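Working through the structure, step by step
Listed here are the chains, written in short residue letters.
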Amino acid sequence: MEARNRTLPDWLTRIRTRQIKLPRFQRFEAWPTVNITSLLNNVLRELPVGAVLVLEVGEEEPFISRTVVGAPETGERVIEHLLDGQQRLTALWRSLTDDYPDRSYFVHLEEDEETGAPIYATSRARWMKDGRKYPLKLDEQDLLWKEKMIPVSLLRPDDSAAAALTEWAMKASGGDMQVVLEIIQQVNGLRAQFAKFNIPFLSLPSTTPKETALSVFIQMNTSATPLTAYDIVVAQVEAGTEKSLHDLVGNLKASVPHIEEYVSASDLMLTTSALLQGKVATQSNFLSKGFSAGLIDNWEVVKTGIKRAIEFLEQERILDAKRLPTDVIVAPLSALWGLAPKGLDAEGEARTLLRKYLWRAFFTDRYERTSATRALADFKELRSLLEGNRDAKPLVFSDEEWPLPTPEQLSLAGWPTKKDRLPRALMALSLRAGGYDLADSAPATRENLKEREYHHLFPVARLKEQGKGEDEIYRALNCALVTWKTNRTISAKAPERYLAERREGTSLGEAEVRSRLESHLVPYDEMVSAGYEEFLAARAALMHAMMLKLCSGQSV
């Protein structure tokens, strides 16, 4: 490995001519605005930005590659692969060519009040409307110059920027040649800094074996966004199988469009594959020898399992992450659905088994601790049942080890907007029967849940008047998801009053209102005539009965 120096203009030329590209296994652009601004400020202050790592390319590219974001797709022969430094070089290329669609970068030529820096970089948000980039004032040269701001793109150290500078200065000055000369003089001084700025690099020769290049890539990556286990597995898969895990995960997202409504697709893919390989889902196992090969070998099972698992969650009316009591369940479900039979009674039996597993995971403490280890143990035992071993007795089904909550415990569960498992489990249960809105009668769906609000069935103000404390008021059993319009209409009205308004608002009368409440497992009679404690007890009984059915695998 050889250390060399290269100035910024040379790096930009290699990007523009497509002489340098990224191996396909590289992760995608990830830097936030603050990192980009900080990088530009380092150049302005002539501070180092760290070395990058390249692999020289011989007659053929060792890895399938892609261009730097925003760079031309065609050009000269590729002579280098960029192994480390993508975020820095991409940020410099895109800011200096004004290629960000939602951001523009500028340099202030006056002292920064916070840091005291005489010159500093900043950015402004942009957006497109009717084919134009807003706010329009950021393209008005005279307005920018009044604030002593210039676009970073004027500092690009090449001939095209020099010509653009003269045109920009004429418009900014209103034709005043003295101001034109002042602008050009100041900007050229900064352009000179960018032109001589050095970004050193380490170079691997073209004879470097692919496995060695991959190993160095993993060990040398020192960017501000460290490699994740997924990034490393992507590289290992590329080197070992010449398949793109990015492409496979992209295909997975396309075939299961709602997957990330629940969990990260890449994380779920790794965790599901680990279970299928009989391994605990930990980073060390993701990076262990043979894991990447096993992932590719099992890919169709992983993909099929995730697709069927997400469909199963939807059928059980678990519609998004906010209503998911524990995300630990998704990977074992995916692995099990990947192995489950398809069609007729065999699939029906699998569905019953996995429904029982799903709801017991929601309503017991099984995954409160050591969840990864327990998920693997449960997967193995449930897999044995799926494969016909009638003697298998999964521990997750043990009432002695993992008892279900009593009605009294359900009554005490807190408000479901928090991440506590039991309140969310109760909210999931209340949607299982449809969750019809109390006013417009629309059933709960993934789309309209985003418009729904957590409504107090017994209003906060009324309960406070009765001397109830926060912990008594904010109970899961005092909650239902309704549209924001319904929530505003009900407001702080007493239950008997707003239910009377609902009865009067439909020609179907009381039967329809009862039906809407039943779809949330809400007892109508206790809402109308009983006190708060009696209502909570009655709803707890309804919830408990439904919980027992689902936790035994029954179809409700």
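Starting afresh in each chain, residues are numbered from 1 along the sequence in its written order. Whole-chain, interface and lining totals are the exception, using all residues; otherwise, since this is a predicted model, local features are given only for residues with pLDDT of at least 70 and side-chain atom pairs are given and counted only at 80 or more. In computing side-chain properties, one takes all heavy atoms of the structure into account and sets aside hydrogens as well as water.

Some details on the packing of helix H13 (residues 299–315) against helix H15 (residues 344–363)
Note the threshold: Helix axes use the C-alpha atoms of the stretch in contact, all axes being lines fitted to C-alpha atoms, and the angles between their N-to-C directions lie in the range 0 to 180 degrees. Put simply, DSSP H or I for four residues or longer makes a helix, DSSP E for two residues or longer makes a strand, and each gets a number counted from the N terminus. Any angle that is under 35 degrees is reported as roughly parallel, and any over 145 degrees as roughly antiparallel; angles of 65 to 115 degrees are reported as roughly perpendicular and all others as oblique. Less than a right angle of anticlockwise turn of the near helix away from the far helix marks a crossing as left-handed, whereas a clockwise turn marks it as right-handed. Working rule for contacts: check all heavy atoms of both residues, and any pair within 4.5 Å makes them a contact. Each residue is assigned to one of three groups, with Ala, Val, Leu, Ile, Met, Phe, Trp, Tyr, Cys and Pro labelled nonpolar, Asp, Glu, Lys and Arg labelled charged, and all others, Gly among them, labelled polar.
Contact geometry for H13 and H15: axes closest at 12 Å, N-to-C directions at 70°. The angle between the axes of H13 and H15 places the two elements in the roughly perpendicular class. Read as a crossing pair, H13 and H15 show a hand that is right-handed. The residues of H15 that touch H13, namely those facing Arg-308, Phe-312, Leu-313 and Gln-315, are Glu-347, Arg-351, Leu-354, Arg-355 and Leu-358. Split into classes, the residues belonging to the contact of H13 with H15 amount to 4 nonpolar, 1 polar and 4 charged.

Comments concerning the confidence of the model for the protein chain
Stated precisely, the cut-off is as follows: Predictor confidence is given residue by residue as pLDDT, running from a minimum of 0 to a maximum of 100.
For the protein chain, the average pLDDT comes to 92, and 97% of its residues sit at 70 or higher. When the elements of the protein chain are averaged for pLDDT, strand E1 (residues 2–4) gives the smallest value, 78, and helix H14 (residues 330–339) the largest, 98.

Some points on the sheet that holds strand E6 (residues 103–108)
Remark on secondary structure: sheet strands pair via backbone hydrogen bonds, oriented parallel or antiparallel. What counts here: One requirement defines pairing of two strands: DSSP has to find at least two bridges between them.
Spatially, 3 strands are ordered E7-E6-E10 in an open sheet, and the strand pairing comes out antiparallel. Sheet topology places strand E7 (120–125) and strand E10 (149–151) at the edges, where each strand pairs with a single neighbour. When strand polarity is set aside, the average angle formed by the axes of neighbouring strands in this sheet is 40°. Summarising the sheet, E6 and E7 pair through 6 bridges and their orientation is antiparallel. Looking across to E7, one finds that Tyr-105 is bridged to Ser-123. Packed onto the sheet, helix H2 (residues 33–44) meets E6 and E7 and runs at close to 150° relative to E7.

Comments concerning the side chain of Asp-378
Assignment of secondary structure puts Asp-378 in helix H16 (residues 371–386). Non-local contacts of Asp-378, meaning those with residues more than four positions away in its chain, are made with Tyr-357, Arg-366, Tyr-367 and Val-396.

A closer look at the side chain of Arg-191
Spelled out, the test is: Pairs of N or O atoms within 3.5 Å make up the polar contacts considered here, provided that, within protein, one atom can donate a hydrogen while the other can accept it, and that residues adjacent in sequence are counted only when both atoms are side-chain atoms.
Residue position: Arg-191 is located in helix H6 (residues 177–196). From its side chain, Arg-191 meets the backbone oxygen of Leu-154 in a polar contact 3.4 Å long.

Some words on the environment of Leu-138
Counted only if it meets this: The buried label applies to any residue whose accessible area, calculated with a 1.4 Å probe on protein chains only, is under 20% of its type's maximum; exposed applies above 50%, and partly exposed to all values in between.
Positionally, Leu-138 belongs in the loop between strand E9 (132–134) and helix H4 (141–146). Classification of Leu-138 as buried rests on a relative accessible area of 8%. Note: C-alpha distance between Leu-138 and Leu-358 (220 residues apart in sequence) is 54 Å. Once you skip the residues sitting within four places of it in the chain, Leu-138 turns out to touch Phe-106, Arg-124, Ala-125, Arg-126 and Leu-144.

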